[in-house]
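Examination of the molecular architecture
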Amino acid sequence: MKMKIIFFSLSLFLITGASFAQKDAPKSIISEKVGIKKYHDKDELDRMQKGQLLELYIERIKLLVKTLPYIAFATKPGVTMSTLGIPNTKDNRETLEDEFEASDAFLETTLNFQRTMLPYSDKSNLIAAIIFYEDTMKALHQYSEFR
């Protein structure tokens, strides 16, 4: 019984310490989850069902919303305020967190709209948009090489 209490107390102490330590750690400006695993060509997209195209289209929108506003800072995940020389102050962290929350709210509204309205779009328009979005993401990688 004594061992359980000690183990529980130690676990609680470690979890509490870890959660406080993470608050002041610099956050990545671009989410670590952002990235395209595979680019598609027109023939491949033509063979996909409309439902698959809808999900791919939505995934591309998410990537662009979480990347494009920040290209003046970075085009790939992992860059933090500290990396860029921005002071890791409480105000700066709060401003960045506010930006993330606003982007998430915008994205949620946009995705709700897309999931409701996109099924009415033409398959050829979806394919053209996906190719455009993927070309935009490729251009972001080229942009980062020119800086």
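For the structure, see preceding data.
So, a few notes on the structure that sits alongside this text. (Residues numbered from 1 in each chain as written. Predicted model: local features only at pLDDT ≥ 70, side-chain atom pairs only at ≥ 80, totals over all residues. Heavy atoms only, no water.)

**Re the overall build of the protein**
The helix and strand tally for the protein stands at five helices and zero strands. Secondary structure elements of the protein occur, N-terminal to C-terminal, as α-α-α-α-α. Across the 147 residues of the protein, 31% fall into the buried class. Considering only contacts in the protein between residues 6 or more positions apart, those separated by 24 or more positions represent 87%. Taken as a whole, the protein presents about 10,200 Å² of accessible surface, with 62% of it coming from carbon and sulfur. (Helix = DSSP H or I, 4+ residues; strand = E, 2+ residues; numbered from the N terminus. Buried < 20%, exposed > 50% of the residue type's maximum accessible area, 1.4 Å probe, protein only. Contact = heavy atoms within 4.5 Å. Areas by Shrake-Rupley, 256 points an atom, 1.4 Å probe, with all protein chains shown as cover.)

**As for the nonpolar core**
Core analysis: the largest hydrophobic core is formed by 31 residues, its most contacted members being Leu 45, Leu 53, Tyr 57 and Ile 61. Of all the secondary-structure elements, those providing two or more residues to this core are helix H3 (50-65), helix H4 (90-117) and helix H5 (123-146). For this core, the element with the highest residue contribution is H3, accounting for nine residues. (Core = buried A, V, L, I, M, F, W, Y, C linked by side-chain atoms within 4.5 Å.)

**Re the side chain of Ser 121**
As for its placement among the helices and strands, Ser 121 is situated in the loop between H4 and H5. At 2.7 Å, the side chain of Ser 121 forms a polar contact with the backbone oxygen of Leu 118. Residue contacts for Ser 121: discarding those within four places in its chain leaves Lys 50 and Leu 126. (Polar contact = N/O pair within 3.5 Å; in protein donor to acceptor, adjacent residues only side chain to side chain.)

**Comments concerning the packing of aromatic side chains**
Enumeration according to the criterion identifies two aromatic pairs in this entry. With a centroid separation of 5.3 Å and 45° between ring planes, the pair formed by Tyr 57 and Tyr 133 is classed as tilted. In this pair, Tyr 57 sits in helix H3 while Tyr 133 sits in helix H5, placing the two residues 76 residues apart along the sequence. Here Tyr 57 and Tyr 133 have matching classes, each one buried. Considering the side-chain rings of Phe 132 and Tyr 133, the 6.0 Å spacing of their centres and the 55° angle between planes classify their relative orientation as tilted. When its relative accessible area of 17% is taken as the criterion, Tyr 133 is described as buried. In this structure an aromatic cluster arises from ring pairing among Tyr 57, Phe 132 and Tyr 133. (Phe/Tyr/Trp six-rings, centres within 6.5 Å; stacked < 30°, edge-to-face > 60°.)

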